[in-house]
Amino acid sequence: MWTPWDQKPITEIGSDGSGSEVSLVAGDSTPLGESSLLLMPSGASDETKIVVPFRGAALADWANADSLTLDVLLPDENIRNPNTFFLGLADVTGGSFTWVEGVFGEASGTSGWVTVNYPILPTMQALTADHRYNVYLSFFYEANGDKTPLTQPIYLGHLYLVGVEQAETTVSSIEVWSDWPNRDLSTIGDDNTGSSVALGNVEGVPALMVTPGGSSEETKIAFGLPGADLAAWANYTTLDLQVYLPESNVDNPNNFFLGMADVTNGGFTWIAGVFSSSDAQPGWNTISYPLHEAMRDLNAEHVYNLYFSFFKDDGSKIPLTEPFYLGTAALGGLIETVSGNEYDQEVADLLAMNDADFIDAVARTTFDYFWLEANPENGLVKDRSTPDSVASIAAVGFALAALPIGVDRGWITYDEGYQRALTTLQTFTSGGVEGTHGFFYHFVNMRTGEREWSSELSSIDTALLVAGALVSGQYFADTEVAALADQLYANVEWDWMAPGGALVRMGWTPSGGYLGAAWDHFDESMILYALAIGSPTHPVPPIAWDLWDRPVNRDGAYIYLAGEPLFVYQYPLAFLDVRGQEDQYANYVNNTTLACVRNQQFAVDHSDEYATYGNGVWGLSASDGPEGYRAYGAWNNNHDGTVAPYAAASCLPFTPGIALAGMRAVLTEYGSLAWREYGFVSAINEDVDWYSRDHIGIDQGDILLNLVNAQDGFVWELFMANPNIQNAITAMGFGTSAGDYAVTPTYLAEVGGP
């Protein structure tokens, strides 16, 4: 039923509240000669459990099977082994929980490798392919009606179906390399870190011993592979590397990076780099690297270098001095090949709709990201739609704003939306997400809420989190959700993040303190300053609103940010409703309107250079691109033909005509290349035949909030109902706009505009 444990994303396996832990035992330890899973009981729980997620399609063969058989090693030396074995199944589609069935298994023995046979009941066979299910395995010792907690490890091998004729299936993982003894180690470089490699052996498993140089902050290895050998990467989402960290080492790496460069004909073009979010412990670990789109779109005739970097960072990097070991590497997370016709049909259906229904349908599909790519146990939301993505606290903020939308539109029930919002806010207000002074780290672990990738304590991402929380709090007024949203807001010490007294810093890290940059110029920080100035507990002074730079473009039309990524105009106004208002500097709605118009015209003006900009397709903003994530914009030397569909869509409240035309154009021209499971993909670039398969949480939020605001001002109404925001708007000097301009005449004269 499932592939060897060393080819599974073990980080997705939960304990179902029993406190158990799992780790990989690589090698040929199971009866089938493959890796096993060490299951360590907590010693306190009556039952030792694991929970493994599956899509319904992966369980389709249950319909034709008689039973499930699990290989379990019950060590002879254990004082107590389990004598009772339970298997349960629940439908957890969309974050819900519906118990399907549970059965007890019968073991073939009491020690050594035994087989546990679980009967499959009819209710466990009638599953839905597009639903999501959790499989629960429970092990416990029971005598005379009393359960005694287990304290020593047991080992799990394969779980396989019995009584079913196996159909030919696509392999869900594929080995990349396992042949260190047969590789020419002289071709493995150290990327100037002083590391060395040699053949080694760990617990009978051949491995590559990596010895750090002892002086470099990072220990690296690098080696080349022809593009033809990397062709299979196009069909997978992760590279899973087995890494053995000796328990005797004083320092082991806790950060793992994979980079790729094109080195064809002696050249060097960086492709992309990714960090693993895997938690590593002494012993064998599966370090899972999420493959960037650019790493999956390679030329078979080119040559590429892979760069692996290992380092320890507990606030600052500590040079490693002791060896560790690398085992096999395998591609995992097979991309489910949905028929192109399925997405093409969705696109055809969309294009046949009238404008109102079209907008509804795009919003509905976009909403699903926040419902299905969230961890229902803590409310954390993926940064992007890849299997091993970390959580983004900004994406959580957009999700909190999305929940009332889903309830209001009838996409989820009131109780479903309320419970998800409550769970999310309880997680953040109870210490379930790492942070300090009310701020949270930019990226955190989807399960544990702990800091990922040495990311910063982010002021802007915390602001987006709080903004979304206030939307949920206002919708679920006079409830615990409202109280926790207010608490989350009150906890943020904006004045602490403004050590100079007014301007808020972009972030803080444990090792370096405050980041050098502050929010001191026009950009998305408008929403941050509204929250910081309006704070009921730790405000910054209103003068902060006047201290940041507002450059005006050459024709004096509007205030801009160099580089012109469109999202900086859209994010603040997804929450702030300042229609018909201006401060002493600008009417910011008109300002965003002109930015959208200029962005569309820029694509038209450069359509002879880049094919992607043709036929009405536009939208230049921060997004994935052929060479990685980049803050693209309508600016010379800041574009390469890459279009982010969210940028045009999110202009709908400001420029409905060109926004709607842009949305329809990208679907007409690119169909399912631009539209997938959650709607518009991150970006496309016809000129280099590159099309993202990913959806990014903050892009999804930008689309969803702006679409519903264009429909009926739903999010604006909720956010602006908060009295603290109203106080901030007043303190920042907003009043009724006196004209149909973006830059006020007074400010234009002050900066010497035309």
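Structure: above.
Residues numbered from 1 in each chain as written. Predicted model: local features only at pLDDT ≥ 70, side-chain atom pairs only at ≥ 80, totals over all residues. Heavy atoms only, no water.

This part covers unusual backbone geometry. Phi angles above zero are rare outside glycine, and Asp 16 is one such case at about 55 degrees. The topology assignment puts Asp 16 in the segment before strand S1 (21–25). Relative accessible area serves as the criterion here: at 37%, Asp 16 is assigned to the partly exposed category. The backbone of Asp 478 shows a phi angle near 60 degrees, a positive value even though the residue is not glycine. Locating Asp 478 in the fold gives a position in the loop between helix H5 (459–475) and helix H6 (480–491). (Helix = DSSP H or I, 4+ residues; strand = E, 2+ residues; numbered from the N terminus. Buried < 20%, exposed > 50% of the residue type's maximum accessible area, 1.4 Å probe, protein only.)

Now for the nonpolar core. One recurring pattern in soluble globular proteins: nonpolar side chains tend to sit buried together. If you look at the biggest cluster of nonpolar residues, it comprises 151 residues, and the most contacted ones within it are Trp 494, Leu 531, Trp 545, Phe 575, Tyr 588, Leu 704 and Phe 719. Per element, the largest residue contribution to this core is twelve residues, and it comes from helix H3 (residues 393–408). Ignoring any residue separated from it by four or fewer positions in sequence, one finds Phe 575 in contact with Phe 398, Ala 401, Leu 464, Ala 467, Gly 468, Val 471, Ile 527, Leu 705, Val 715, Trp 716, Phe 719 and Met 720. (Core = buried A, V, L, I, M, F, W, Y, C linked by side-chain atoms within 4.5 Å. Contact = heavy atoms within 4.5 Å.)

So, about the state of the cysteines. In this structure the tally under the stated criterion is one disulfide. Paired through a disulfide, Cys 596 and Cys 651 show a sulfur-sulfur distance of 2.1 Å. Because the sign of the S-S torsion sets the handedness, a value of about -85 degrees for the bond joining Cys 596 and Cys 651 places this disulfide among the left-handed ones. Of the two residues, Cys 596 sits in helix H10 (residues 588–605) while Cys 651 sits in the loop between helix H11 (645–649) and helix H12 (656–670), which places them 55 residues apart along the sequence. With respect to class, Cys 596 is no different from Cys 651; both count as buried. (Disulfide = S-S within 2.5 Å.)

Now for helix H7 (residues 526–534). Across the nine residues of H7, nine count as buried, placing the element largely inside the fold. Turning to H7, its buried residues are Met 526, Ile 527, Leu 528, Tyr 529, Ala 530, Leu 531, Ala 532, Ile 533 and Gly 534.

A surface patch of like charges, here negative, comprises Asp 297, Glu 669, Glu 686, Asp 687 and Asp 689. One can find Asp 687 in the loop between strand S34 (684–685) and strand S35 (690–691). When its relative accessible area of 34% is taken as the criterion, Asp 687 is described as partly exposed. (Patch = residues over 30% accessible without salt bridge, like charges linked within 9 Å, V, L, I, M, F, W, Y side chains within 5 Å. Areas by Shrake-Rupley, 256 points an atom, 1.4 Å probe, with all protein chains shown as cover. Salt bridge = Lys/Arg side-chain N within 4 Å of Asp/Glu carboxyl O. Lys, Arg positive; Asp, Glu negative; His and termini not counted. Charge placed at Lys NZ, Arg CZ, Asp CG, Glu CD.)

Before going further, it helps to examine the side chain of Lys 382. The residue Lys 382 is located in the loop between helix H2 (355–372) and strand S22 (391–392) in this model. Judged by relative accessible area, Lys 382 falls into the buried class, the value being 13%. A polar contact of 3.1 Å, which involves the side chain of Lys 382, links it to the backbone oxygen of Thr 386. When residues no more than four places from it in sequence are discounted, the contact partners of Lys 382 are Tyr 369, Glu 373, Pro 387, Ser 389, Val 390, Ala 391, Ser 392, Ala 395, Met 446 and Gly 697. (Polar contact = N/O pair within 3.5 Å; in protein donor to acceptor, adjacent residues only side chain to side chain.)

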